[in-house]
Amino acid sequence: MKIVVLSGAGMSAESGIKTFRDHDGLWENHRIEDVATPQAWHKNPELVTQFYNQRRVQLADVLPNEGHYALKELEQKHEVVVITQNVDDLHERAGSSNIIHLHGELTKMRNNFNEVFHVGYKPVNYGEKCPKGLILRPHIVWFGEEVPLINKAAEITRTADLLIVIGTSLEVYPAAGLVNEVNKSTEIVLINPQKTNISTPYKNKFVQILGTSAKNLPSFVKNLI
Ligand code: APR
């Protein structure tokens, strides 16, 4: 069976990484528009650099959770593609083989020519240059920017027999629109402690598991392998 997973911040919550839409509307004490937009980068690149440096350093200190490992186990029996909105590398560290990072990756920086450089978990000072002498920026898709991998992700979603949507509020487009790309026979399962409103063009069968990813994904996966 072809299984496509769409994951969001809730996937990594039990690893200790905060989700975005917390009650106070702030992301790690910052307004999203101050740290995650091209305007913020233009206005205060030092602050944006520092913000992503903190996220990168924090990432070195956290571990994949049982949910990430369960997705790896699915590969024993099925063809699995993980489409994630997360910029952490916990799917990789749990061993998943096919991962698409829709919103970029914390461990990478890039120059103006879209050449990407691996920086790992270490802080990068604003003004640090790539080997070609060009300024580096975080390899992150900010609000208001295009999502370069969305068409590839949509194509893959169209081929899914089962779509598992985990830990995402489905509030941010175009990623949230991927649930509309399924075909008539695709089954959809949502795993989230909160109820989610979704509609698909075909009114596909879908099941909501109201629970967390680390607690509920392992037993769900066990039934599939
Ligand atoms: N297990 C599963 N789901 C959880 C858990 C958990 N342990 N904890 C929280 N959740 C759910 C919440 O109920 C919420 O629906 O995870 C969801 C997190 O939603 P958001 O914070 O909106 O994160 P996400 O959907 O990934 O945001 C999308 O928006 O901020 C931008 O680019 C950023 O990729 C991000 C995008």
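Computed from a predicted model, the values in this text were never measured in an experiment.

Chemist: Which parts of the structure should I look at to understand the overall build of the protein?
Modeler: Looking only at helices and strands, the protein has seven helices and nine strands in total. Each principal axis of the C-alpha atoms in the protein carries an extent, and together these give about 50 × 35 × 35 Å. Here the protein holds 225 residues, and 51% of them are scored as buried. For the protein, contacts bridging at least 24 residues in sequence account for 62% of all contacts bridging at least 6. Of the accessible surface of the protein, which amounts to about 11400 Å², a share of 51% is contributed by carbon and sulfur atoms. Side-chain charges of the protein comprise 24 positive and 25 negative groups, with the mean position of each set lying 2 Å from the other.

Chemist: Looking at this structure, how should I read the sheet that holds strand 4 (residues 104-110)?
Modeler: Within a sheet, each strand pairs with its neighbour through backbone hydrogen bonds, oriented either parallel or antiparallel. The three strands are arranged 5-4-6 in an open sheet whose pairing can be described as antiparallel. The open sheet has two edge strands with one neighbour each: strand 5 (116-118) and strand 6 (137-140). Here the average twist between neighbouring strands, direction ignored, is 55°. In the sheet, strand 4 pairs with strand 6 via three bridges, with the strands oriented antiparallel. Opposite Met-109, over in strand 6, you have Pro-138 as the bridge partner. Running over the sheet, helix 3 (residues 45-60) touches strand 4 and strand 6 and is turned about 125° from strand 4.

Chemist: I would appreciate a short explanation of helix 6 (residues 150-158) in the present structure.
Modeler: The periodicity of an α-helix, 3.6 residues per turn, causes residues three or four positions apart to be oriented the same way. For helix 6, the complete set of buried residues consists of Ile-150, Ala-153, Ala-154, Ile-156 and Thr-157. For helix 6, the angular spread of buried residues about the axis comes to 165°, placing them on one side. Opposite the buried face of helix 6, at more than 90 degrees from it, the exposed residues are Asn-151 and Glu-155. The elements touched by buried residues of helix 6 are strand 1 (2-7), strand 2 (79-84), strand 3 (99-101) and strand 7 (162-166).

Chemist: Any chance you could explain the site of the ligand here in plain terms?
Modeler: Residues in contact with the ligand amount to 20 residues; listed here are only the nearest, Arg-21, His-103, Thr-168, Ser-169 and Asn-192. Here His-103 contributes a side-chain N or O atom positioned 2.8 Å from an oxygen atom of the ligand. Within the side chain of Asn-192, one N or O atom sits 2.7 Å away from an oxygen atom of the ligand. Here the ligand has 740 Å² of accessible area as a free molecule, and 89% of this is covered by the chains. Taken atom by atom, the bulk of the ligand overlaps the largest pocket. Residues belonging to the shell around the ligand are distributed by class as follows: six nonpolar, twelve polar and two charged. In this structure, the shell around the ligand is formed jointly by two domains, domain 1 (1-16 + 64-103 + 147-225) and domain 2 (18-61 + 106-140), each of which donates at least three residues.

Chemist: How should the environment of Gly-127 be read in this particular structure?
Modeler: Structurally, Gly-127 can be placed in the loop between strand 5 and strand 6. A sequence separation of 78 residues divides Gly-127 from Thr-49, and the C-alpha atoms of the two residues are 9.6 Å apart.

Chemist: Got a minute to help me understand helix 4 (residues 66-74) in this structure?
Modeler: All of the buried residues along helix 4 are Gly-67, His-68, Ala-70, Leu-71 and Leu-74. Each buried residue of helix 4 lies within a common arc of 160° when the element is viewed along its axis, so the set occupies one face. As for helix 4, its buried residues are in contact with strand 1, strand 2, helix 5 (90-94), strand 7 and helix 7 (213-222). The N-cap residue of helix 4 is Asn-65: its side-chain oxygen and the backbone nitrogen of Gly-67 are 2.8 Å apart.

About the thresholds
Each chain carries its own residue numbering, running from 1 in the written order of its sequence. At least 70 in pLDDT is required for a residue's local features to be given in this predicted model, at least 80 for side-chain atom pairs to be given and counted, and no such filter applies to totals for whole chains, interfaces and linings, which use all residues. Only heavy atoms go into the side-chain values, all of them from the structure, while hydrogens and water stay out. Numbering of helices and strands runs from the N terminus; a helix is a DSSP stretch of H or I covering at least four residues, while a strand is a stretch of E covering at least two. Burial classes: relative accessible area under 20% of the type maximum marks a residue as buried, over 50% as exposed, and values in between as partly exposed (1.4 Å probe, protein chains only). Whether two residues are in contact is decided by their heavy atoms: any pair within 4.5 Å suffices. Surface accessibility follows the Shrake-Rupley procedure with a 1.4 Å probe radius. Residue values consider only the protein chains on display as shielding. We count Lys and Arg on the positive side and Asp and Glu on the negative side, and we leave His and both chain ends out. A charged residue contributes its charge at one atom only: NZ of Lys, CZ of Arg, CG of Asp or CD of Glu. Only strands that DSSP links by at least two bridges are regarded as paired with each other. Axes here mean lines fitted to C-alpha atoms, for a helix over just the part in contact, with angles spanning 0 to 180 degrees between N-to-C directions. This arc describes the spread of directions from the helix axis toward the C-beta atoms. The criterion for a residue being near a molecule or strand is simple. One of its heavy atoms has to lie within 4 Å of it. Each polar contact in these results corresponds to two N or O atoms within 3.5 Å; when the atoms are within protein, one needs to be able to donate a hydrogen and the other to accept it, and residues that are neighboring in sequence are counted only if both atoms are side-chain atoms. Points on a 1 Å grid over protein atoms alone make up a cavity when a 1.4 Å probe fits among them but cannot get out, and a pocket when they form an open set with protein on both sides within 12 Å along at least five of seven lines; lining residues each have an atom within 4 Å of a point. Grid points define the cavity or pocket, and a molecule sits in it when more than half of its atoms lie within 2 Å of them. When residues are sorted by character, Ala, Val, Leu, Ile, Met, Phe, Trp, Tyr, Cys and Pro go into the nonpolar class, Asp, Glu, Lys and Arg into the charged class, and all the rest, Gly among them, into the polar class. Bear in mind that the domain bounds are from an automatic or database domain assignment.

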